Amino acid sequence: MKTWNVGFIGLGIMGRSMSKNIHKGGFPVTVWNRTAHKMDEAARWGAETAASPKELAETCNLIITMVGDTPDVEEVALGEHGFLHAAKPGTVWADMSTISPDATVRLARTAAEKGVRMLDAPVSGGDVGARNGTLSIMVGGEADVLEEVRPVLETMGTIVHCGPAGAGQTVKACNQILCGLNLLGMVEAMALAKKSGVDLEKMLEVTTRGAGGSWALSNLGPRIVRGDLAPGFSVKFQQKDLRIVLGEAERLQLPLLGTATVHQLLRSVQAHGGDEDGTHALVRVMEQLGRVSITPRNEE
Ligand code: NAP
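What this report covers is the structure whose coordinates are included nearby. (Residues numbered from 1 in each chain as written. Predicted model: local features only at pLDDT ≥ 70, side-chain atom pairs only at ≥ 80, totals over all residues. Heavy atoms only, no water.)

### Remarks on the overall build of the protein chain
Scanning the protein chain from terminus to terminus reveals 14 helices and nine strands. Scaling as 2.2 N^0.38, a compact globule of 300 residues should have a C-alpha radius of gyration of about 19 Å, and the protein chain matches this with 21 Å. Once the C-alpha set of the protein chain is aligned to its principal axes, its extents read approximately 65 × 45 × 35 Å. In the protein chain, once contacts between residues fewer than 6 apart in sequence are set aside, the share between residues at least 24 apart is 63%. Total accessible area on the protein chain stands at roughly 14,100 Å², and carbon and sulfur atoms take up 53% of it. (Helix = DSSP H or I, 4+ residues; strand = E, 2+ residues; numbered from the N terminus. Rg over C-alpha atoms; globule rule 2.2 N^0.38 Å. Contact = heavy atoms within 4.5 Å. Areas by Shrake-Rupley, 256 points an atom, 1.4 Å probe, with all protein chains shown as cover.)

Here it is, written out as structure tokens:
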């Protein structure tokens, strides 16, 4: 089996745990993070640190990026100190950030011109999945490249090969449509229950088990009942993901009415200062629209 020297770029909420799991899986890891002090923790568990993405590429043959949005991936890959300026032909690049599928196809082409084989490998499962190595990883790109690096990716979660370059990001976009619409369904159901005088916990007990159940209902419903709107997954990131979805819809001339509605409703959460709240803060908008108190905070 080929030896992988893994270079990991982006030690945020997700990346710091994912890189550690790769190390625990027995692969040497070199890290780079824009804010340098965040590399201290990785150095303590045994990572090498690099001074720039470009320097990292000099010693690594598998480069993983886990940064924010499309421009951030472009920056670490192609910016002044980008790793693609130094990556050796044959290097594999797995981008695990959530970015535009369309931009991913272009980045894969640019990488290929430099002899670098790119996979898009976004994830679902949140910070808990990142910590526990139980992420759902959706991969686009060449199947044989995935097979080569599969042992490394498997240290972070479960893998499904979705198709050619961009297919992983497209499946992630589908996932975000479902997350958004399940969220809306949940807060509408809660508004109806509460305004009708039905106990919210009883409603959740029944519906989580039925055909209307969803991850949102099971996991976020009880938090709303407790008045806990902390993230999980922040409104700011969900809005970034829905912008990606709606960008694809625009490109494909596809009307996505439900997704557009959720995007606008979450904008109202943002307008009230809720950027850093969990996505289930959508309940606040429902409370205002329906003149109904759903969370305990509003009943005080
Ligand atoms: P995060 O905590 O905000 O961390 C973002 C990381 O990217 C940080 O290391 C940040 O560096 C780096 N970064 C951002 N812009 C950069 C730039 N222009 N140049 C260099 N580095 C840059 O985010 P996260 O929660 O780990 O999420 C990372 C990706 O995973 C995102 O695409 C997100 O949508 C996706 N994702 C997140 C979750 C989740 O539950 N959090 C779940 C699934 C997928 P600094 O430390 O210098 O800021």
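### Digging into the pairing of strand β4 (residues 62–65)
The side-chain alternation of β4 yields two buried faces, one formed by L62 and I64 and the other by I63 and T65. As defined by bridge partners, strand β1 (residues 6–9) adjoins β4 across four bridges and the pair is classed as parallel. Across the sheet, F8 pairs through a bridge with I64, a residue of β4. In terms of strand pairing, β4 meets strand β5 (residues 92–95) through four bridges, oriented parallel. Residue I63 lies in a different strand from β5, and its bridge partner there is W93. In this region the chain leaves β4, passes through helix α4 (residues 70–78) and returns to the parallel neighbour β5; the handedness of that crossover is right-handed. (Buried < 20%, exposed > 50% of the residue type's maximum accessible area, 1.4 Å probe, protein only. Pairing = 2+ DSSP bridges. Right-handed = clockwise from strand over helix to strand, strands pointing away.)

### Considerations on helix α7 (residues 143–153)
Of all the residues in α7, the buried ones are V145, L146, V149, V152 and L153. Mapping the buried residues of α7 onto a view down its axis gives an arc of 95°, with all of them on the same face. (Arc of directions from axis to C-beta.)

### Concerning the packing of α4 against helix α5 (residues 101–113)
Between α4 and α5, whose axes approach to 11 Å, the crossing angle comes to 5°. Compared by their axis directions, α4 and α5 come out roughly parallel. Across the interface between the two elements, T70, V73, E74 and L78 from α4 touch A103, L107 and T110 from α5. The class makeup of the residues in the contact of α4 with α5 is four nonpolar, two polar and one charged. (Axes fitted to C-alpha atoms, helices over the stretch in contact; angles between N-to-C directions. Parallel < 35°, antiparallel > 145°, perpendicular 65-115°, else oblique. Nonpolar A, V, L, I, M, F, W, Y, C, P; charged D, E, K, R; others polar.)

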